[in-house]
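Residues per chain are reported as follows:
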Amino acid sequence: MADLETLTTRTALDPMDIVIGGPSDAGVTLTEIPFQTRLVLRGLPSDKKFTAAVKGALGVEPPSKPGTVTSSKTARVLWTAPNEWMVYSDDTGLAATLTKAVAGLHAAVTEVTEHYTLIRLSGRHARDVMIKGCAIDLHPREFGPGQCVQSHLGRITVLFDQTDETPSYHILVRASFAEYLWMYLEDAGLEFGVRIEAAG
Amino acid sequence: MLHITCPWCGPRDDNEFHYGGEAHILRPAAPEKLSDGEWAEYLFLKQNAKGPFLERWSHSAGCRQWFNVVRNTATDEIIEIYPMGELPKSPEGIKAYEGNWRRQSAAEKNAKAGVSGT
């Protein structure tokens, strides 16, 4: 039997032995954001008790408008369906807090942290890299901070949102596709220069 | 490539969607009262229209919601998009719904009898 003392937590990208570094004037930077709490929240946006309970736990109501994001100091809440949201947070105990907050209501909280990997793509050419493999119009006139999209990127299904004007994108990908997407983004960014940064 | 307007997410490429076949096929409430032929009509026979056709789509790579579409199968023109559980409102959609042989089928009459509780 494996000695539990010697086991270490690994992310979906750990087996790639990614080397941190790259040119300082790189057009894009890539960062894996490991182990950030990710929750799927389900409930009825028309239920005032539900939205109030969520606001109490997260500091913000879940967005009701498709493709938008609300955020607070505690969490970022992304619209994924009319009755479903993805919650990002640095609070590792948030699943318990949120489950308690919506207890007794027609709602569900599912922790999916390990099911996904979050990759941040940032830099002055980040938009150019994104539009190589994504059919969504990411021009600033159409898409900016506070908006999220579920679509295809490099032929795989992802959820991403823009977090600042740099621009930066946080791309949520299923763990089994993470290695592919990382290599895809490195390759797509090659012409602009890619720097790999450690999260933190 | 078709552009399909998801009622939630807006216009997207068709490779984000999953096709769900003919819409408005009601499941018989008392299948034991149908003959084998009538049951086979419910299970296997589809309209295969040339022209406006009522069909279901799911935005599987996006919000994963199902909805109904009236699409002209000859030109691929999308005439109307409407929610699940509702009937089409466009003239083409109404005509396609009412003109479908299924409205007269024993399976659908059986299903509707079950819905009304008789």
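Residues numbered from 1 in each chain as written. Chains lettered and ligands numbered in written order. Predicted model: local features only at pLDDT ≥ 70, side-chain atom pairs only at ≥ 80, totals over all residues. Heavy atoms only, no water.

1. What about the nonpolar core?
Buried together is how nonpolar side chains tend to be arranged in soluble globular proteins.
All names here are of chain A.
Stage number 1. Ranked by size, the top nonpolar core spans 29 residues in total, and within it Leu121, Phe160, Ile171, Leu181 and Leu185 carry the most contacts.
Stage number 2. Listed by contribution, the elements that provide at least two residues to this core are β1 (28-33), β7 (116-122), α3 (126-132), β8 (148-153), β9 (156-164), β10 (168-174), α4 (175-189) and β11 (194-197).
Stage number 3. Apart from residues no more than four positions distant in its own chain, phenylalanine 160 is found in contact with Met130, Cys134, Leu138, Phe143, Gln147, Cys148, Val149, Tyr169, His170 and Ile171. (Core = buried A, V, L, I, M, F, W, Y, C linked by side-chain atoms within 4.5 Å. Buried < 20%, exposed > 50% of the residue type's maximum accessible area, 1.4 Å probe, protein only. Helix = DSSP H or I, 4+ residues; strand = E, 2+ residues; numbered from the N terminus. Contact = heavy atoms within 4.5 Å.)

2. A short note on the domain arrangement of chain A
Residue and element names in this part refer to chain A.
Stage number 1. Domain boundaries in chain A define domain 1 (26-34 + 114-197) and domain 2 (37-113).
Stage number 2. Put simply, the middle of domain 1 and the middle of domain 2, counted by C-alpha atoms, are 24 Å apart.
Stage number 3. With 15 residues of domain 1 at the contact, the number on the domain 2 side is 12 residues.
Stage number 4. Here domain 1 meets domain 2 over a buried area of about 1,200 Å², counting both sides, of which 55% is carbon and sulfur.
Stage number 5. Joining domain 1 to domain 2, the criterion identifies one salt bridge. (Domains from an automatic or database assignment. Buried area = accessible area lost by both parts, 1.4 Å probe. Salt bridge = Lys/Arg side-chain N within 4 Å of Asp/Glu carboxyl O.)

3. Structural notes on the pairing of strand β5 (residues 84-89) of chain A
One face of the sheet, then the other: side chains in a regular strand alternate in exactly this way.
Residues and elements named next belong to chain A.
Stage number 1. Counting buried positions along β5 yields six of six residues, so the element is predominantly enclosed.
Stage number 2. Burial along β5 is two-sided: the face carrying Glu84, Met86 and Tyr88 and the face carrying Trp85, Val87 and Ser89 are both buried.
Stage number 3. Pairing of strand β2 (residues 37-43) with β5, which is carried by six bridges, proceeds in the antiparallel orientation. Within β5, the residue paired with valine 40 across the bridge is methionine 86.
Stage number 4. Pairing analysis gives six bridges linking strand β4 (residues 75-81) to β5, with the strands arranged antiparallel. When the bridges of β5 are listed, alanine 81 appears paired with glutamate 84.
Stage number 5. Here β4 folds back onto β5, and the loop between the two strands holds two residues. (Pairing = 2+ DSSP bridges.)

4. Comments concerning the pattern of salt bridges
Stage number 1. Within this structure, the stated rule accounts for 12 salt bridges over all chains.
Stage number 2. With a closest N to O distance of 2.9 Å, aspartate 161 of chain A and arginine 76 of chain A form a salt bridge. Taken together, the residues aspartate 161 of chain A in strand β9 and arginine 76 of chain A in strand β4 connect sequence positions 85 residues apart.
Stage number 3. For arginine 76 of chain A, a relative accessible area of 17% gives the class buried.
Stage number 4. Across the pair glutamate 86 of chain B and lysine 89 of chain B runs a salt bridge whose closest N-O atoms are separated by 3.3 Å.
Stage number 5. Given the relative accessible area of 59%, lysine 89 of chain B is considered exposed.

5. As for the environment of isoleucine 4 of chain B
Residues and elements named next belong to chain B.
Stage number 1. Tracing the backbone shows isoleucine 4 in strand β1 (residues 3-6).
Stage number 2. Its relative accessible area of 0% is what places isoleucine 4 among the buried residues.
Stage number 3. In the structure, isoleucine 4 is positioned 11 residues away from asparagine 15 in sequence and 9.7 Å away in space, judged by C-alpha atoms.
Stage number 4. Setting aside residues no more than four positions away along its own chain, isoleucine 4 makes contact with Gly10, Pro11, Arg12, Asp14, Phe17, Trp57, Phe67 and Ile78.

6. Thoughts on the interface of chain B and chain A
Think of interface size as the accessible area that goes away when the parts come together; that is how it is often given.
Stage number 1. Tallying the contact residues gives 11 residues for chain B and 13 residues for chain A.
Stage number 2. When the two sides are added together, the surface that chain B and chain A hide from each other amounts to roughly 930 Å², 53% of it contributed by carbon and sulfur.
Stage number 3. For the pair chain B and chain A, the number of links is one salt bridge.
Stage number 4. In this structure, the salt-bridge partner of arginine 64 of chain B is glutamate 84 of chain A, at a minimum N-O distance of 2.7 Å.

7. Describing the packing of aromatic side chains
Stage number 1. Counted under the stated rule, the structure contains eight aromatic pairs over all chains.
Stage number 2. Judged by centre distance (5.0 Å) and plane angle (65 degrees), the rings of tyrosine 19 of chain B and tryptophan 57 of chain B are edge-to-face. Taken as a pair, tyrosine 19 of chain B in strand β3 (residues 18-22) and tryptophan 57 of chain B in strand β4 (residues 52-58) lie far apart in primary sequence, 38 residues in all.
Stage number 3. Judged by relative accessible area, which is 38%, tyrosine 19 of chain B ranks as partly exposed.
Stage number 4. Residue tryptophan 57 of chain B is classed as buried on the basis of its relative accessible area of 9%.
Stage number 5. Aromatic side chains tryptophan 39 of chain B and tyrosine 42 of chain B sit 5.1 Å apart centroid to centroid with 40 degrees between the ring planes, which places their arrangement in the tilted category. Linking tryptophan 39 of chain B with tyrosine 42 of chain B, this pair stays in helix α1 (residues 36-44), spanning three residues, or about one helical turn.
Stage number 6. Taken together through their ring pairs, the aromatic side chains of Phe143, Phe160 and Tyr169 of chain A make up a single cluster.
Stage number 7. The residue whose ring lies beneath arginine 103 of chain B is tyrosine 97 of chain B, and the NZ or CZ to ring-centre distance is 3.9 Å. (Phe/Tyr/Trp six-rings, centres within 6.5 Å; stacked < 30°, edge-to-face > 60°. Lys NZ or Arg CZ within 6 Å of the ring centre and 35° of its normal.)

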